Amino acid sequence: MNYFAHGYRYRDQPYFLAGTAVPDWLNVVDRQVRVRRKAALPYVEDCDPQLAQLARGVVQHHDDDAWFHALPTFNELNFRFTKELGAVVPALPGIQRHFLGHILVELLLDAELIARFPQRLEEYYHVVAGLDARMIETALQRMSGKSLEGFHRWIDRFVQERFLADYADDERLLLRLNQVMRRVRLDPIPVEIIPWFASARETVAAHREQLLPPEPA
């Protein structure tokens with residue numbers, strides 16, 4: 001799961017929503033720093049309600065990912081996309097096509113949800129914009145035991161760039177995918193992939209219900 005699928009249900013719990021984004025934020029800001037489920041658990045009942053909510057959101061992210069990656073539907077779509085990408089972009093190594101298939105299921109699920117609930121995307125960004133980013137930076141340093149000086153600036157940038165909205169546009173989606181490729185030191189994806197995005201979007205849309213946990217009560 002990606003940012004929006006993780007967090008869109010928790011717009012009334014700002015720091016919980018932030019916690020669901022933390023592992024993905026760290027993947028962008030500093031891939032050497034991780035806040036695992038085990039590291040967040042000691043803080044889920046903290047006397048500071050914001051810290052406790054943040055920690056519970058981190059735990060929720062990891063629980064969501066464990067559930068999602070074990071789904072037969074997710075694994076079937078990942079396999080299907082990897083195979084289809086072999087015909088669409090055969091120059092990419094097989095391991096990169098598999099990685100791309102994986103993240104495309106997640107990004108296109110976000111795109112599908114945003115298309116269905118555009119107001120929720122506005123609310124999502126409004127919530128993130130209102131967070132105390134320095135408090136989150138300090139909390140994550142406590143949980144990880146590592147320095148994250150300047151992390152708070154990434155949260156501001158996340159709101160300003162609004163890259164989740166880009167997933168709806170094929171060319172912007174490719175741009176965002178290639179940013180990921182650069183981060184993980186993989187070859188860029190050629191523009192030949194763009195016509196295939198339409199069928200991939202239809203496939204994910206058709207399986208949306210199977211790819212989402214039930215709404216919280």
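Before going into details, it helps to say that this report is about the structure given with it. (Residues numbered from 1 in each chain as written. Predicted model: local features only at pLDDT ≥ 70, side-chain atom pairs only at ≥ 80, totals over all residues. Heavy atoms only, no water.)

1. Some remarks on the environment of L173
Reasoning step 1: Among the secondary structure elements, L173 is positioned in helix α10 (residues 170-183).
Reasoning step 2: The exposure class of L173 is buried, given its relative accessible area of 0%.
Reasoning step 3: Here the alpha-carbon distance between L173 and I194, two residues 21 residues apart in the chain, equals 8.9 Å.
Reasoning step 4: Setting aside anything within four residues of it in sequence, one finds L173 in contact with L104, L107, L108, D166, Y167, F197 and R201. (Helix = DSSP H or I, 4+ residues; strand = E, 2+ residues; numbered from the N terminus. Buried < 20%, exposed > 50% of the residue type's maximum accessible area, 1.4 Å probe, protein only. Contact = heavy atoms within 4.5 Å.)

2. Quick look at unusual backbone geometry
Reasoning step 1: Although it is not a glycine, R162 sits at a positive phi angle of roughly 50°.
Reasoning step 2: Tracing the backbone through its elements, the reader meets R162 in the loop between α9 (151-161) and α10.
Reasoning step 3: Residues other than glycine seldom take positive phi values, yet R185 does so here, at roughly 60°.
Reasoning step 4: Tracing the chain through its elements places R185 in the loop between α10 and α11 (197-206).
Reasoning step 5: Residue R185 is classed as exposed on the basis of its relative accessible area of 79%.

3. Here we look at the pattern of salt bridges
Reasoning step 1: Under the counting rule described, the total for this entry stands at 13 salt bridges.
Reasoning step 2: Ionic pairing is found between R157 and E161, a salt bridge with its closest N-O pair at 2.9 Å. With R157 and E161 both in helix α9 and four residues apart, this pair spans about one turn of that helix.
Reasoning step 3: The partly exposed category is assigned to R157, whose relative accessible area is 45%. (Salt bridge = Lys/Arg side-chain N within 4 Å of Asp/Glu carboxyl O.)

4. Some remarks on the packing of aromatic side chains
Reasoning step 1: Using the criterion set out here, one finds 18 aromatic pairs in the structure.
Reasoning step 2: With centroids separated by 5.7 Å and ring planes inclined at 45°, the aromatic side chains of Y125 and F158 adopt a geometry described as tilted. Residue Y125 is found in helix α7 (residues 118-129), and its partner F158 is found in helix α9; the two are separated by 33 residues along the sequence.
Reasoning step 3: On the accessibility criterion, Y125 (2% relative accessible area) is buried.
Reasoning step 4: You can call F158 buried: its relative accessible area is 0%.
Reasoning step 5: On the basis of an interplanar angle of 85° and a centroid distance of 5.4 Å, the ring pair of F158 and F163 is categorised as edge-to-face. You'll find F158 and F163 in the same group, each marked buried. (Phe/Tyr/Trp six-rings, centres within 6.5 Å; stacked < 30°, edge-to-face > 60°.)

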